[in-house]
Amino acid sequence: MKMEFTIKHTWDGLPVSHEPVTIMLKSDNAGLLMEVNAPFLNDPPAPLGEPGKPFSRLWDYEVVEAFFLSDRTEHYLEVELCPHGQHLVLLLSGKRRVWKEELPLEFEVTRMKTKWEGKAHLPWSYFPPSTNKFNAFAIHGSGEDRKYEALYPVPRHELQEGQKPDFHRLEFFKDLNLKELMGEAWKQPESDIWKFLTN
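Everything numeric here is computed off the predicted structure, so don't read it as measured data. (Residues numbered from 1 in each chain as written. Predicted model: local features only at pLDDT ≥ 70, side-chain atom pairs only at ≥ 80, totals over all residues. Heavy atoms only, no water.)

Caption draft 1: Structural detail: the environment of His9. Within the secondary structure, His9 is located in strand S2 (residues 9-10). For the pair His9 and Lys119, spaced 110 residues apart in the sequence, the C-alpha separation amounts to 23 Å. Residues within four places of His9 in sequence aside, it is in contact with Leu14, Pro15, Val16, Glu149, Ala150 and Pro153. (Helix = DSSP H or I, 4+ residues; strand = E, 2+ residues; numbered from the N terminus. Contact = heavy atoms within 4.5 Å.)

See the structure below:
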């Protein structure tokens, strides 16, 4: 079983101007396999961190991101993947409130001249209990040409003048039913990481 998502819009709902980024979620033994297929723009240039290792503030580079949310608690997992091999995994409790970051990740990248593919193994322990919402994003470009793209953009009628991209608008995330991927009888395994969180 798999779920496929295509990022066809900018964060504010305009069509993207290139081959869109696709994200596939597949069931994996101990979690989810997240596969990314994206254009490789090499803009901005690679972060200076070691490939295969976490890199702080990866969102300042060329990156594809996936957010897995439990809307009841506003607990969420943020996964950022870079075509140069760096990654950043954050756990958040409440909007923008990071309580764990730079978690280890098994992540492989295949990079070609104009596109890249990434595979990340996301263990169930990273997912907040009752994960039920999802959004995904892509960022690339430098300076004035920096582009912010969203699977579920801010609806046009919600836009305010002068508004900046904000990927933590949790109210615009949409349903993610993991049973569709894992089978009706599946129950999300308890996380030995999230249970230590006291709000």
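Caption draft 2: Broad picture of the pairing of strand S4 (residues 31-39). Taken across its nine residues, S4 has eight buried, putting it largely inside the fold. Sheet topology note: the strand S3 (residues 21-28)/S4 ladder contains seven bridges and is antiparallel. In the strand pairing of S4, Ser27 is matched with Leu32. The loop that links S3 with its antiparallel partner S4 comprises two residues. Judged from the nine bridges that link them, S4 and strand S10 (residues 115-123) form a sheet pairing that is antiparallel. By the bridge assignment, Leu33 is partnered in S10 with His121. (Buried < 20%, exposed > 50% of the residue type's maximum accessible area, 1.4 Å probe, protein only. Pairing = 2+ DSSP bridges.)

Caption draft 3: Focus on the pattern of salt bridges. Taken as a whole and assessed by the stated rule, the structure comprises eight salt bridges. Between Arg57 and Asp60 there is a salt bridge; the shortest N-O distance is 3.1 Å. Given the relative accessible area of 46%, Arg57 is considered partly exposed. Among the ionic pairs, Glu171 bridges to Lys95, the shortest N-O distance being 3.7 Å. In this pair, Glu171 sits in the loop between strand S12 (147-150) and strand S13 (174-175) while Lys95 sits in the loop between strand S7 (87-93) and strand S8 (98-101), placing the two residues 76 residues apart along the sequence. Glu171 gets classed as partly exposed once you look at its relative accessible area, which sits at 47%. What makes Lys95 partly exposed here is its relative accessible area of 37%. Through salt bridges that share partners, Lys26, Glu35 and Lys119 make up one connected network. (Salt bridge = Lys/Arg side-chain N within 4 Å of Asp/Glu carboxyl O.)

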